[in-house]
Amino acid sequence: MIKKTLSGPVLVLVMLCLFTGCMFSLPTGHMTKIKGDITCEFRCGKNATNTRDPIKTDVVFDKDRFVELFNEDAKYDPAFYKKHTDRLDLKINDQEEPEKYQRIAGSEVNLAVRYDGNYNQVSLYCFDSKLYFFVLNMGGASMPEEMGWYYQEVPSKMASYWMPIYEKVMADYEASRPTRYGSFTLEKTYSYDNKYYAESVAGSDEKITVNIYDESGSKVYSFAPCWKNDFQGICWENDSYNIWVQFHHVNVTCYRQTGSSWMKDESLRKPDYMIGITDMN
């Protein structure tokens with residue numbers, strides 16, 4: 001077996017950093033120049049990366065600019081920044097600042113290219129009129145003061161090219177949402193009288209959890225209706241606290257409020273005013 005060794009200049013640089021105490025982050029991935037044509041795809045909203053279908057838009061982007069963006073994003077290695085969170089530009093604690101977190105989580109635009117059998121993607125987030133890369137999430141078990149979601153601002157020259165593209169794609173996404181999921185939504189949604197609101201969250205176990213909160217923001221109930229690839233939104237009834245879940249290829253199912261719980265009830269028929277994807281075909 002042939003061992004790979006560091007070349008002279010690289011070895012000198014590494015040794016210098018070790019002796020001087022400096023730290024650096026190595027890129028976690030790298031793209032080279034793309035030859036030939038590309039197909040551009042866009043996915044938007046919370047958990048956009050895991051959305052099955054791209055949105056319809058006439059937006060395109062320059063492939064060399066995408067390579068530049070991809071390589072910039074790859075510079076921010078979560079393993080490195082886990083110990084150097086102070087070097088990142090934006091931190092949002094979803095427990096202390098839930099509204100801010102929902103705002104930035106819902107701002108995701110995932111840009112992807114297909115070319116010559118390859119597939120590469122980058123997600124951009126927008127907060128206070130600035131574009132960001134997501135870098136890592138820190139839990140609070142061992143270091144509660146570090147708990148939060150961390151982002152790095154996209155360099156200004158790069159952002160000046162991508163911001164108009166981001167805004168146009170997001171506008172097309174917003175315009176398509178009423179017909180994409182019908183009455184159902186992937187975002188936070190309130191009961192008819194605002195007594196409760198519900199949010200859907202994709203977990204690391206590939207399942208969707210629907211969390212229900214009261215008007216004070218306290219969680220009152222949770223249920224996991226399906227795998228995230230099957231999930232196509234939730235919708236409250238117009239005159240009750242029953243909530244419906246829309247699934248891919250399986251139509252819809254009601255979770256009926258029973259006391260302080262929401263229990264699955266497949267015997268109920270979806271109200272006529274509630275429009276699902278199958279009603280639009």
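Concerning the pattern of salt bridges
- A full pass over the atoms with the stated rule returns 13 salt bridges.
- Among the ionic pairs, Lys100 bridges to Glu97, the shortest N-O distance being 3.3 Å.
- Assessed through its relative accessible area of 36%, Lys100 is described here as partly exposed.
- Of the residues examined, Glu97 reaches a relative accessible area of 27% and is grouped as partly exposed.

Let's talk about the sheet that holds strand E7 (residues 189–190)
- Taken together, 4 strands build an open sheet; the order of strands is E7-E8-E9-E10 and the sheet is antiparallel. Where the open sheet ends on each side, the last strands, each with one partner, are E7 and strand E10 (219–227).

A look at the pairing of strand E6 (residues 148–153)
- Bridging between strand E2 (residues 90–92) and E6 involves 3 bridges; their strand directions are antiparallel. Looking across to E6, one finds that Lys91 is bridged to Tyr150.

So, the packing of aromatic side chains
- Within the structure shown, the criterion is met by 19 aromatic pairs.
- Ring geometry for Phe42 versus Phe61: centroids 5.7 Å apart, planes at 90°, classification edge-to-face. A residue pair is termed long-range when its members are at least 10 positions apart, and Phe42 in strand E1 (residues 39–44) and Phe61 in the loop between E1 and helix H2 (63–74) qualify at 19 residues.
- By relative accessible area, which is 7% here, Phe61 ends up buried.
- Measuring from centroid to centroid gives 5.6 Å for Phe134 and Trp149, while their planes differ by 40°, and the two rings are tilted.

Describing the environment of Glu266
- In this fold, Glu266 is placed in the segment after strand E14 (261–265).
- Judged by its relative accessible area of 63%, Glu266 is exposed.
- In sequence terms Glu266 and Arg256 are 10 residues apart; their C-alpha atoms lie 9.5 Å from each other.
- Within the local environment of Glu266, its side chain forms a polar contact with the side chain of Lys264, the two groups lying 3.4 Å apart.

A closer look at the environment of Val210
- Looking at where Val210 falls in the secondary structure, it is placed in strand E9 (residues 207–214).
- Val210 sits 23 residues away from Gly233 along the chain, and the two C-alpha atoms are 9.9 Å apart.
- Other than its neighbours up to four places away in sequence, Val210 contacts Ala198, Glu199, Ser200, Tyr221, Ser222, Phe223, Pro225 and Ile234.

Thresholds, definitions, all that
Throughout, a residue's number is its position along its own chain's written sequence, starting from 1. Reporting in this predicted model follows two pLDDT cut-offs: at least 70 for local features of residues, and 80 or more for side-chain atom pairs to be given and counted; totals over whole chains, interfaces and linings ignore these cut-offs and use all residues. Heavy atoms from the whole structure form the basis of all side-chain values; hydrogens and water molecules are not counted. Within this document, salt bridges are pairs made up of a side-chain nitrogen of Lys or Arg and a carboxyl oxygen of Asp or Glu, the two lying within 4 Å of each other. For the exposure calls, accessible area comes from a 1.4 Å probe over protein chains only, and a residue counts as buried if that area is under 20% of its type's maximum, exposed if over 50%, partly exposed in between. Note: two strands are recorded as paired if DSSP finds a minimum of 2 bridges between them. Per the convention used, a helix needs a DSSP run of H or I reaching at least four residues, while a strand needs a run of E reaching at least two, with both numbered from the N terminus. For this analysis, a ring pair means two rings from Phe, Tyr or Trp (six-membered ring only for Trp) whose centres lie within 6.5 Å, classed as stacked if their planes differ by under 30 degrees, edge-to-face if by over 60, and tilted for the remaining angles. Residues adjacent in sequence count toward polar contacts only when both atoms are side-chain atoms; beyond that, a polar contact is any pair of N or O atoms within 3.5 Å, and within protein one must be able to donate a hydrogen and the other to accept it. When checking whether two residues touch, look at their non-hydrogen atoms; a contact exists if any pair is within 4.5 Å.

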